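Understanding the architecture of this molecule
Spelled out from the first residue to the last, the chains are:
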Amino acid sequence: ENSLDAKASAITVSILDGGIREIRVTDNGEGIAEEDMPLTILKHATSKIYKLQDLDRIYSMGFRGEALASIAAVSMLSIKSRVRESEAGTELCAKGGKIEHIRQAGLPEGTSVIVENLFYNTPARLKFLKKPGSEAAAISDIVSRLILARPDISLRYTANGKSIYHSPGSGELLDAICAVNGQQMRSQLIPVDYQINQIHVFGYIGAPDFTYKTQKNGSLFINQRYIRSDVIQTAILRAYGERLLRGSFPFYTLHLNMIPS
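Residues numbered from 1 in each chain as written. Predicted model: local features only at pLDDT ≥ 70, side-chain atom pairs only at ≥ 80, totals over all residues. Heavy atoms only, no water.

1. Focus: the overall build of the chain
Here is the rule: Helix and strand definitions here come from DSSP, where helices need a minimum of 4 consecutive H or I residues and strands a minimum of 2 consecutive E residues; each element is numbered from the N-terminal end. Here the globule rule is a power law, 2.2 Å times the number of residues to the power 0.38, and the radius of gyration is based on C-alpha atoms. Type-normalised accessible area, obtained with a 1.4 Å probe on protein chains alone, sets the label of each residue: buried when under 20%, exposed when over 50%, and partly exposed for intermediate values. For every accessible area listed, the method is Shrake-Rupley and the probe measures 1.4 Å; residues are considered covered only by the protein chains on display.
Counting its secondary structure elements, the chain contains 6 helices and 15 strands. Taking 261 residues into account, the globule formula puts the C-alpha radius of gyration at 18 Å, and the chain, at 20 Å, falls close to it. The burial tally for the chain puts 38% of its 261 residues in the buried class. About 15,200 Å² of surface is accessible on the chain, with carbon and sulfur atoms providing 53% of the total.

2. A closer look at the sheet that holds strand S3 (residues 76-82)
Quick note on the threshold: Strands pair, by our definition, only if DSSP identifies at least two bridges between them. Whenever a helix is involved, its axis is fitted only over the stretch in contact; in every case the axis is a line through C-alpha atoms, and angles between N-to-C directions fall within 0 to 180 degrees.
Strand order in the open sheet formed by 8 strands is S5-S4-S3-S6-S2-S1-S7-S8, with mixed pairing between adjacent strands. On the outer flanks of this sheet lie strand S5 (98-105) and strand S8 (162-166), each paired with one strand and no other. Going across the sheet, the axis of each strand differs from the next one's by a mean of 10 degrees, ignoring polarity. Of the pairings in the sheet, the one linking S3 to strand S6 (residues 110-116) comprises 7 bridges and is antiparallel in character. Considered in S6, the bridge of Ile79 is made with Val113.

3. Quick word on the packing of aromatic side chains
Convention followed: In this analysis, rings of Phe, Tyr and Trp, with Trp reduced to its six-membered ring, are considered paired at centre separations within 6.5 Å, and the interplanar angle assigns stacked below 30 degrees, edge-to-face beyond 60, and tilted for intermediate values.
For the structure on display, the rule yields 4 aromatic pairs. Members of the aromatic cluster, joined through ring pairs, are Phe210, Tyr212 and Phe251.

4. Topic: the environment of Gln198
Using the following cut-off: When checking whether two residues touch, look at their non-hydrogen atoms; a contact exists if any pair is within 4.5 Å.
Locating Gln198 in the fold gives a position in the loop between strand S9 (189-196) and strand S10 (199-206). With 157 residues separating them along the chain, Gln198 and Ile41 place their C-alpha atoms 39 Å apart. In this structure, Gln198 is in contact with Asn257, Met258 and Ile259, ignoring residues within four places of it in sequence.

5. Some points on the environment of Ile114
Position of Ile114 relative to the elements: it lies in strand S6. In this structure the C-alpha to C-alpha distance between Ile114 and Glu22, which are 92 residues apart in sequence, comes to 7.0 Å. Apart from residues lying up to four places away in sequence, Ile114 is in contact with Glu22, Ile23, Arg24, Met76, Leu77, Ser78 and Lys80.

6. Section: the pattern of salt bridges
The following threshold applies: Every case where a carboxyl oxygen of Asp or Glu lies within 4 Å of a side-chain nitrogen of Lys or Arg is listed as a salt bridge.
Inspection of the entire model under this criterion finds 12 salt bridges. The residue Asp54 makes a salt bridge to Arg57 at a minimum N-O spacing of 3.9 Å. Judged by its relative accessible area of 12%, Asp54 falls in the buried class. Take Arg57: its relative accessible area is 43%, and that puts it in the partly exposed class. Linking Arg145 and Asp141 is a salt bridge whose minimum nitrogen-to-oxygen distance equals 3.1 Å.

7. Quick look at unusual backbone geometry
Look at Asn223: it is not a glycine, yet its phi comes out positive at around 50 degrees. Look at Gln224: it is not a glycine, yet its phi comes out positive at around 70 degrees. With respect to the helices and strands, Gln224 occurs in the loop between strand S12 (218-222) and strand S13 (225-227). Gln224 gets classed as partly exposed once you look at its relative accessible area, which sits at 32%.

8. A few points about the packing of helix H4 (residues 132-149) against helix H5 (residues 173-181)
We count it as follows: The labels follow the angle: roughly parallel below 35 degrees, roughly antiparallel above 145, roughly perpendicular from 65 to 115, and oblique for the rest. Each crossing is labelled by how the near helix is turned from the far one, with a counterclockwise turn of less than a right angle marking it left-handed and a clockwise turn marking it right-handed.
Closest axis-to-axis distance for the H4/H5 pair is 8 Å, and the angle between their directions is 165 degrees. Classified by the angle their axes make, H4 and H5 are roughly antiparallel. Between H4 and H5 lies a crossing whose hand is right-handed. Together, Ser144, Ile147 and Leu148 of H4 and Leu173, Ala176, Ile177 and Val180 of H5 make up the contact between the two elements.

Shown next, in the form of structure tokens:
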């Protein structure tokens, strides 16, 4: 999500052993300036809110910016980054939330964050992690929603060296849907595009005879952020009416864009 806020056009996510051994996120975004690097893992130091009025118009993926501080406290963390104007990049290494070193390094433009040995110093929390396969499935689900949220960004995702998803970043939602679900989806989908007041609803829904046994194949986004809403889920099912068999759930990927306030 920080990569998205850094205006990256290409992001790579790779994991080892369900992310427990390693999570690596690399982007070609704006990067982090050398003087800002010590602040990246400091608590309460990375808010994306500049003035009070910003709370009524949040467009960023997150405004508290606490994730890196929390992750650093329970892992071995490396952040490598270079801003466009700088000839050299900066590398930060931390262990258990304590910075071991910050130094200059030859790096491409953008940022790479490597999280290793998650919860190595908090065995009680490590014990509550599920098996690597289950953790990998949860990460895969999150990445798939990010692909559907931002079809304008090329997102590559690998697990244990195996390519899982690779979205083209064409800006076409249908291309993103096919990157996640396969090219066979194209013939099964119906486009949606509707505007009322200042709310724009667009995306794709599945044909009534193209259904699943669970609700997990429905994705809803508000201002490019994935959400779950029982109210809207019920409205979608009601819109299909009696066209759906009992116990069947439709495919849908719908975006609602509106003024944040």
